[in-house]
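Understanding the architecture of this molecule
The residues making up each chain are set out below.
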Amino acid sequence: MIWLRNLALSKHALEEICMTFDAETVYSELHKLLGARIRRNEPLARHCTFGVGGLADIWVSLETQQELVDIVTRCAERRWPLLLVGNGTNTLYADAGVRGIVARIALNSYTIEDSGDGNALLLAEAGVSWPRLLNDLVTLGWGGLEFGPGIPGTLGGGVISNAGAHHGDLGQVLAWVDVLDVRYAERGSAVPVVERYQHSALALGYRHSRFRTQRHVQFDAQGYPIAAACQLIEPAEIIMQLGIYLHREDPQKLRMVIEEYKQHRKRTQPPQQSAGSIFKNPVGDYAGRLIEAAGMKGMMRGKAQISERHANFIVNVGAASAADVAALIKEAHTRVLERFGVDLELEVELRGEWKVTQS
Ligand SMILES: Cc1cc2nc3c(=O)[nH]c(=O)nc-3n(C[C@H](O)[C@H](O)[C@H](O)COP(=O)(O)OP(=O)(O)OC[C@H]3O[C@@H](n4cnc5c(N)ncnc54)[C@H](O)[C@@H]3O)c2cc1C
């Protein structure tokens, strides 16, 4: 069977597929299956914490593993471009939006396997939201994820960047992930394959995992960022479920730790819309310190601003465009490189049609 053959397309081939994508037909077909959860010409600004980004031809929220497998299979068979995302808290969508289908992984059940000795394994679907889960775990008296109050994403998105804070990260408590591996079919498989990757296979490091491509920022001649190359189904390794180690903890103690971390965030991070840190911290230094030292704190491009409170945050001060944000990214990257010789790597993910913006 060839259902997923040749999903790794050349840039040109993918562009051609996007141009001929018949959104109306696809919308009617998917509407029969998923009803009101399918939306046409959906503003992506509604689905990311930056509050910027153009339209997705089609937007859908997927609530079960079966729906996820079905849509991946259908997109592969029909050659419909598909982008899978979580809560959009680490994503900058282009002003020209995304061609094809953007699917939010909203699979959000979890169970806790209590081993009876003070430890447990949390089996969580990829779309479980960190803040909601944390609330539940505190009430139940399970510790492990309390370093992350204020990380507003999904657990699946958290694996991609190995999300972390306060000297903790997901990798420290992650046992394994179940991945729907789209590339398997390129090797001749007839059905989508779910494979379990153990912790040791995940290459987890500081804001890094095997699922992340290079993070160096490049810009084209017009000054737009060059997003990483995409495939028909992006990403090719889709996280469906995670196993996370938990341990018994006094709920009162958990509440105190979480409250302390929350207060720290309140003091140090901006309240406006953002996607968290824009750049990764370089070894031995802080991106925010370097950007501030380059004289950029408070700098504005359009309605985007380098935060006054924390220079590694770009904030939307009201109807910013993705181009405004991109202009600040470029400026910060260039200044820090010129003044300090540090080539800052992007923390945030660029998605969508950046090139189209300037044509
Ligand atoms: C105010 C604020 C504070 C933040 N603080 C922190 C912090 O302290 N530490 C930190 O690490 N991050 C922080 N972040 C960034 C962000 O919350 C994390 O990176 C989070 O883990 C992203 O999850 P998400 O579901 O929103 O991912 P999204 O932004 O939806 O997606 C990010 C990338 O992951 C891919 N992806 C998402 N889900 C899956 C999946 N199931 N399978 C495969 N690929 C997937 C998407 O295609 C995309 O490329 C902050 C963000 C904000 C807005």
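Structure: see above.
The paragraphs below set out a description of the structure included in this document. Computed from a prediction, not measured in an experiment: that's the story for all the values here.

1. Digging into unusual backbone geometry
Following Glu234, the chain continues to Pro235 via a peptide bond in cis, the omega torsion being -5°. Relative to the elements of secondary structure, Pro235 occurs in the loop between strand S13 (233-234) and strand S14 (237-248). One non-glycine residue, Arg79, adopts positive backbone phi at about 60°. At Arg207, a residue that is not glycine, the phi angle is positive and equals roughly 45°. Note on placement: Arg207 falls in the loop between strand S12 (193-198) and S13. What makes Arg207 buried here is the crowd of 21 C-beta atoms within 10 Å.

2. Concerning the sheet that holds strand S16 (residues 304-306)
Spatially, the three strands line up as an open sheet ordered S15-S16-S17, and their pairing is antiparallel. The sheet is open, and its two borders are formed by strand S15 (300-301) and strand S17 (314-316), each paired with just one other strand. One ladder, built from three bridges, connects S16 with S17; its direction is antiparallel. By the bridge assignment, Ala304 is partnered in S17 with Asn316. Against the sheet, helix H8 (residues 322-340) touches S15, S16 and S17, its axis set at about 25° to S16.

3. A closer look at the nonpolar core
The biggest cluster of nonpolar side chains holds 102 residues, and the ones touching the most others in it are Val72, Leu82, Val102, Ala103, Val159, Leu242 and Val325. Here this core takes nine residues from H8, the largest share from any one element. With sequence-adjacent residues up to four places away left out, Leu82 is seen in contact with Ile71, Val72, Cys75, Gly100, Ile101, Ala103, Ile233 and Glu234.

4. Remarks on the site of the ligand
In the vicinity of the ligand, 31 residues are found, and the nearest of them are Gly86, Gly153, Gly156, Gly157 and Gly276. For the shell around the ligand, the elements supplying multiple residues, two or more each, are strand S3 (82-85), helix H5 (155-161), strand S9 (164-165) and S14. Ranked by the residues each element gives to the shell around the ligand, the list is headed by H5, at five residues. Classifying every residue of the shell around the ligand gives 13 nonpolar, 17 polar and one charged.

5. Digging into the sheet that holds strand S5 (residues 98-105)
The five strands are arranged S1-S2-S5-S3-S13 in an open sheet whose pairing can be described as mixed. On the outer flanks of this sheet lie strand S1 (38-43) and S13, each paired with one strand and no other. Of the strand pairs in this sheet, S3 and S5 are connected by four bridges, and their pairing is parallel. What sits directly across from Leu82, in S5, is Ile101.

6. What to know about helix H4 (residues 130-140)
Taken together, the buried positions of H4 are occupied by Trp130, Leu133, Leu134, Leu137 and Val138. Across the axial projection of H4, the buried residues extend over an arc of 135°, all falling on one side. Those residues of H4 that are exposed and angled more than 90 degrees off the buried face are Arg132, Asp136 and Thr139. With its phi angle positive at about 75°, Gly141 sits one or two positions after the end of H4.

7. Let's talk about the environment of Asn312
Mapped onto the secondary structure, Asn312 falls in the loop between S16 and S17. On a C-alpha basis, the gap between Asn312 and Ser277 in space is 5.4 Å, while along the polypeptide they are 35 residues apart. When residues no more than four places from it in sequence are discounted, the contact partners of Asn312 are Ser277, Ile278, Phe279, Ala287, Gly288 and Ile291.

8. A look at the pairing of strand S7 (residues 119-125)
As paired elements, strand S6 (residues 110-114) and S7 share five bridges and run antiparallel to each other. The residue bridging Thr111 from the neighbouring strand is Leu123, located in S7. Between S6 and S7, which follow one another and run antiparallel, lie four residues, and Gly116 among them has a positive phi close to 85°. Pairing of S7 with S14, which is carried by seven bridges, proceeds in the antiparallel orientation. In the strand pairing of S14, Ala120 is matched with Leu246.

Rules used in this analysis
- Residues numbered from 1 in each chain as written.
- Predicted model: local features only at pLDDT ≥ 70, side-chain atom pairs only at ≥ 80, totals over all residues.
- Helix = DSSP H or I, 4+ residues; strand = E, 2+ residues; numbered from the N terminus.
- Buried ≥ 20, exposed ≤ 12 C-beta atoms within 10 Å, placed from the backbone.
- Pairing = 2+ DSSP bridges.
- Contact = placed C-beta atoms within 7 Å.
- Axes fitted to C-alpha atoms, helices over the stretch in contact; angles between N-to-C directions.
- Core = buried A, V, L, I, M, F, W, Y, C linked by C-beta atoms within 7 Å.
- Near = placed C-beta within 6 Å.
- Nonpolar A, V, L, I, M, F, W, Y, C, P; charged D, E, K, R; others polar.
- Arc of directions from axis to C-beta.

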